[in-house]
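So you can see what is in the structure, the chains are spelled out below.
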Amino acid sequence: MKVLVINGPNINLLGVREPELYGSGSFDNLVKFINESAASLGIEPMFFQSNCEGAIIDAIQNAMGDVDAIVINPAAYTHTSIAIADALKAVGLPAVEVHLTDIKTREPYRRISYTSEACIKTICGMGFDGYRLALITLLESVKQK
């Protein structure tokens, strides 16, 4: 099973960006964690990170036919991008939305997720472990089909 792991704006600054919220682990630490988690589950991860909405949409569209599922942390685009949600719906791949923090307990504007409607599950507030749970969720989803 191949899974595209998409991370949105500022995720590349993990470890530097507000460590009191996002933790001290770097983006490289996150990629290593996902690689290790995926290997233990028999999943082949592919990675994409961008600060640009259009690039994220292109990555989603290009995933069609290349991967079996998507894990996405749209970061700030979660709360603003109908276009990313539309792209997820259009490609028809099972997707899980992940957030390092619990967006439901943060600022009111962060509690809105446009992308969640295009995903089979949203995982919030579990830090890096949320990505592992997303992979497990997708693996179970694909097995059920």
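As shown above, the structure is provided for reference.
As the structure is a prediction and not an experimental result, all values here were calculated from the model.

Draft legend 1. Examining the side chain of S81 more closely. Assignment of secondary structure puts S81 in the loop between β3 (69-73) and α4 (82-91). Judged by its relative accessible area of 0%, S81 falls in the buried class. In terms of polar contacts, S81 uses its side chain to reach the side chain of E53, at 2.4 Å. Excluding residues within four positions of it along the chain, S81 makes contact with E53, Y114 and T115.

Draft legend 2. Quick look at the pairing of strand β4 (residues 95-99). Across the 5 residues that make up β4, a large majority, 5, are buried. Burial along β4 is two-sided: the face carrying A95, E97 and H99 and the face carrying V96 and V98 are both buried. Two strands pair when backbone bridges link them, and β4 and strand β5 (residues 121-124) are joined in this way by 4 bridges, in the parallel orientation. By the bridge assignment, E97 is partnered in β5 with T122.

Draft legend 3. Examining the packing of aromatic side chains more closely. One pass over the structure, following the stated rule, counts 1 aromatic pair. The interplanar angle of 45 degrees and the centroid separation of 6.0 Å between the aromatic rings of F33 and F128 together place this pair among those described as tilted. One end of the pair, F33, is in helix α2 (residues 27-41); the other, F128, is in the loop between β5 and α5 (129-144), with 95 residues separating them in the sequence.

What counts, and where the lines are drawn
- Residues numbered from 1 in each chain as written.
- Predicted model: local features only at pLDDT ≥ 70, side-chain atom pairs only at ≥ 80, totals over all residues.
- Heavy atoms only, no water.
- Helix = DSSP H or I, 4+ residues; strand = E, 2+ residues; numbered from the N terminus.
- Buried < 20%, exposed > 50% of the residue type's maximum accessible area, 1.4 Å probe, protein only.
- Polar contact = N/O pair within 3.5 Å; in protein donor to acceptor, adjacent residues only side chain to side chain.
- Contact = heavy atoms within 4.5 Å.
- Pairing = 2+ DSSP bridges.
- Phe/Tyr/Trp six-rings, centres within 6.5 Å; stacked < 30°, edge-to-face > 60°.

Remember, this is a structural readout, not a statement about activity or role.
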